[in-house]
Amino acid sequence: MLRKNRLFTPGPTPLLPSAQNAMAAFGMHHRTADFRTLYTRTLADLKAFIGTNNDCLLLASSGSGAMEASISNLTSPGDTILVLTAGKFGERWADLGKAYGCKVEMVKAEYGQTFPLEAVRQKLSADVRVVYMQATESSTGVRHDVAGVAKLLRDSKHEALLVVDAITGLGTTKFDVDGWGLDIVIGGSQKAVMIPPGLAYLSVSERAWQRMESTKSPRYYFDLRKERKAASKGESAFTPATSLIAGLGAAFDFIRAAGNGDLAAGRDLLIANAELAAAMTRAAASALDLQLYAPTAPAAALTAIIPPAGIDSGVFVKGFREMFDAVIANGQGDMKGKLFRIAHLGYFDYLDTIAIIGGLEQVTAKVTQRKSFEFGVAVRAAQQIYADANGIAYEPAGALASAKA
Ligand SMILES: *Cc1c(COP(=O)(O)O)cnc(C)c1O
């Protein structure tokens, strides 16, 4: 059959057509009134999307640029920071902290797990200046308890700031940024907002701005105070990634329209969409006797699946590519070969989800060469999850057959 190239990776994700059109048509100079209008509107939309009254900023970098800015702006060399890590992106916080001369304390959980709050409590000594974590660890597919960590900090009246890499958390997970007291929340353009890589965005609390007045780590391009000052005039400190900003504006229009004119409602719909696609995919994997890599606290952003014993996960990645020209992600670092990842964040709908699950059945049948393989079990499991979520009545599997017998 024909094959259509499709992305099912947790970044980059499929592009929103209206955003692609907006980007292709864009040719505005950035120091003009028209651009200032677009920039100001996009920053306001960003606040609604993240769900905060804090200042929001856009940076011309991938998401890691905002991660670096959250270290360089909030710390001084020698500061103690606490990194909560259970995967490759958590380890990035530790690497960044070390690069800026911080004393890095860590709470580690095994890949595929999340850390118990008790372990965080024990490591939260008085000298910790900032706590860094992921909302969802995209390398393992686990969801961390941001609300729990934030509450722990609030209840203990600890002075530490809380920085959340929500690069795959935004648009897949609910946050009460201001209520929980999240000081920095970071997103990236190539994830749930359905546009290409190249923009990082973040919200910054008043406490974080105050901290920046006394911190001494070097910073120049990513000096957030400079960006804040420029943003207040509808500009960026340096040449902005103008066409991506036009694309982001179009994406927010799409999300707002999905929410009947309410951007926050549209974002909640995007979250529910990812949650349902993830639940369908987990049920499908179980029906195929495939184990989940992060079964106890699975994220909605993506699902990480362990291949059957003796089969490298690269075989599944290659299978999807060769049979369907679909791109899924292998494991990263030590996890390469041990898991494959299917994304749900952003521009995926019901039909995409059923299609990738149908593809998973074909690839599994082909690469495992099981003696007997029953097609439809994964699709059926996913269909039931969808029907349950949408109040569609059906006879549970097997009930019809046994009623006839
Ligand atoms: C994608 C991702 C990043 C890295 O973002 P880049 O845009 O590649 O720099 C960081 N953290 C998480 C959780 C991610 O999913």
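Being a predicted model, the structure only gives us computed values, none of them experimental.

### Focus: the overall build of the chain
Looking only at helices and strands, one finds 15 helices and 15 strands in the chain. Over its C-alpha trace the chain gives a radius of gyration of 22 Å, about what one expects of a compact globule, namely 22 Å for 405 residues. Overall, the chain is about 75 × 50 × 35 Å in size when its C-alpha atoms are taken along their principal axes. Taken across its 405 residues, the chain has 55% of its residues classed as buried. Within the chain, counting contacts between residues at least 6 apart in sequence, those at least 24 apart form 69% of the total. A gap of 3 Å separates the mean positions of the 43 positive and 39 negative side-chain charges of the chain.

### Brief notes about the sheet that holds strand β15 (residues 340-343)
Reading across from one edge, β11-β12-β15-β14 is the order of the four strands in this open sheet, with antiparallel pairing throughout. The open sheet has two edge strands with one neighbour each: β11 (291-292) and β14 (329-330). Where strand β12 (residues 302-306) and β15 come together, four bridges link them in antiparallel fashion. Note that in β15 the partner of T303 across the bridge is I342. Of the strands in this sheet, β11 and β12 touch helix α11 (residues 263-287), which is tilted by about 10° from β12.

### Re the domain arrangement of the chain
Here the chain is described as being made up of domain 1 (6-11 + 262-404) and domain 2 (17-258). Listed by partner, the interface residues are 32 residues for domain 1 and 33 residues for domain 2. Taken together, the two surfaces of domain 1 and domain 2 that pack against each other cover about 2800 Å², and 66% of this comes from carbon and sulfur. Ranking the residues of domain 1 by area buried against domain 2 places L263, R267 and Y347 at the top, with a combined share of 22%. Linking domain 1 with domain 2 are one salt bridge.

The rules behind each value
Residues numbered from 1 in each chain as written. Predicted model: local features only at pLDDT ≥ 70, side-chain atom pairs only at ≥ 80, totals over all residues. Heavy atoms only, no water. Helix = DSSP H or I, 4+ residues; strand = E, 2+ residues; numbered from the N terminus. Rg over C-alpha atoms; globule rule 2.2 N^0.38 Å. Buried < 20%, exposed > 50% of the residue type's maximum accessible area, 1.4 Å probe, protein only. Contact = heavy atoms within 4.5 Å. Lys, Arg positive; Asp, Glu negative; His and termini not counted. Charge placed at Lys NZ, Arg CZ, Asp CG, Glu CD. Pairing = 2+ DSSP bridges. Axes fitted to C-alpha atoms, helices over the stretch in contact; angles between N-to-C directions. Domains from an automatic or database assignment. Buried area = accessible area lost by both parts, 1.4 Å probe. Salt bridge = Lys/Arg side-chain N within 4 Å of Asp/Glu carboxyl O.

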